[in-house]
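Close look at the chain arrangement
Here is what each chain is made of, one letter per residue.
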Amino acid sequence: MAFTPGQPVTAVVQRIEIQKLRQGDNLILGFSIGGGIDQDPGQNPFSEDKTDKGIYVTRISAGGPADEAGLRMGDKIMQVNGWDMTMVTHDQARKRLTKKNEDVVRLLVTRKSLEDAVRQSMTRP
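Residues numbered from 1 in each chain as written. Predicted model: local features only at pLDDT ≥ 70, side-chain atom pairs only at ≥ 80, totals over all residues. Heavy atoms only, no water.

An unreviewed UniProt entry annotates the protein as Tax1-binding protein 3 of Xyrichtys novacula.

Turning our attention to the overall build of the protein. What the protein contains, in helices and strands, is three helices and eight strands. Written out in order from the N terminus, the α and β elements of the protein read β-β-β-β-β-α-β-β-α-β-α. For the protein, buried positions account for 34% of its 125 residues. Put simply, 65% of the contacts in the protein that link residues at least 6 apart link residues at least 24 apart. Summed over its atoms, the accessible surface of the protein is roughly 7,900 Å², and 50% of this surface lies on carbon and sulfur atoms. (Helix = DSSP H or I, 4+ residues; strand = E, 2+ residues; numbered from the N terminus. Buried < 20%, exposed > 50% of the residue type's maximum accessible area, 1.4 Å probe, protein only. Contact = heavy atoms within 4.5 Å. Areas by Shrake-Rupley, 256 points an atom, 1.4 Å probe, with all protein chains shown as cover.)

To continue, consider the environment of Val-80. Here Val-80 lies in strand E6 (residues 76–80). The exposure class assigned to Val-80 is buried, which follows from its relative accessible area of 0%. Along the primary structure Val-80 and Ile-16 are separated by 64 residues, whereas in three dimensions their C-alpha atoms are 9.8 Å apart.

With 18 residues, the main nonpolar core has Ile-18, Phe-31, Leu-71, Ile-77, Leu-97 and Leu-107 as its most contacted residues. Breaking this core down by element, the ones donating at least two residues are strand E1 (14–19), strand E4 (31–35), strand E5 (55–60), E6, helix H2 (90–97) and strand E8 (104–110). Sequence-distant contacts of Phe-31, that is, excluding residues within four places in its chain, are made with Ile-18, Val-57, Arg-59, Ile-60, Ala-66, Leu-71, Ile-77, Leu-97 and Leu-107. (Core = buried A, V, L, I, M, F, W, Y, C linked by side-chain atoms within 4.5 Å.)

What follows deals with the confidence of the model for the protein. Residue-level pLDDT values for the protein average 86, and 81% of them are 70 or greater. Of all secondary-structure elements in the protein, the lowest mean pLDDT belongs to helix H3 (residues 112–123), at 59, while helix H1 (residues 65–69) reaches the highest, 97. (pLDDT = per-residue confidence, 0-100.)

With that settled, the discussion passes to the packing of aromatic side chains. Inspection of every chain in the model, using the stated rule, returns one aromatic pair. Ring geometry for Phe-46 versus Tyr-56: centroids 6.4 Å apart, planes at 20 degrees, classification stacked. Of this pair, Phe-46 sits in the loop between E4 and E5 while Tyr-56 is found in strand E5, placing the two residues 10 residues apart along the sequence. Since its relative accessible area comes to 6%, Tyr-56 is described here as buried. The ring of Trp-83 carries Arg-96 above its face, with NZ or CZ at 3.9 Å from the centroid. (Phe/Tyr/Trp six-rings, centres within 6.5 Å; stacked < 30°, edge-to-face > 60°. Lys NZ or Arg CZ within 6 Å of the ring centre and 35° of its normal.)

With respect to the element layout, Asp-52 can be found in the loop between E4 and E5. Only 2.8 Å separates the side chain of Asp-52 from the backbone nitrogen of Gly-54, close enough to count as a polar contact. Sequence-distant contacts of Asp-52, defined by excluding residues within four places in its chain, comprise Pro-41, Asn-44, Ser-47 and Lys-76. (Polar contact = N/O pair within 3.5 Å; in protein donor to acceptor, adjacent residues only side chain to side chain.)

Here it is, written out as structure tokens:
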């Protein structure tokens, strides 16, 4: 998803709702993240834009809550429970995802395959 600074960004998003798995005192989501405004975007293997400091899904636990909900490795997280995630540090994103008083996490994510599908549908005669 390329963008020009100062210009509006259009993104094709998918809603994903993850029911956290309770293990003792821990609530498990079943995925890991990378990225954030405090990280080196050049190290992000999921974005073609090497200035993109977004939060990306870097690992999914097979059979875990995120896997069951349809989250995919490489998804870019745009929102968590209504909170904007486009300009957060890695630690802020982690804290927002792992709040102890929330059993459900509602995400808005974008992924390259979603954007490609919309782009193709717009160019068909």
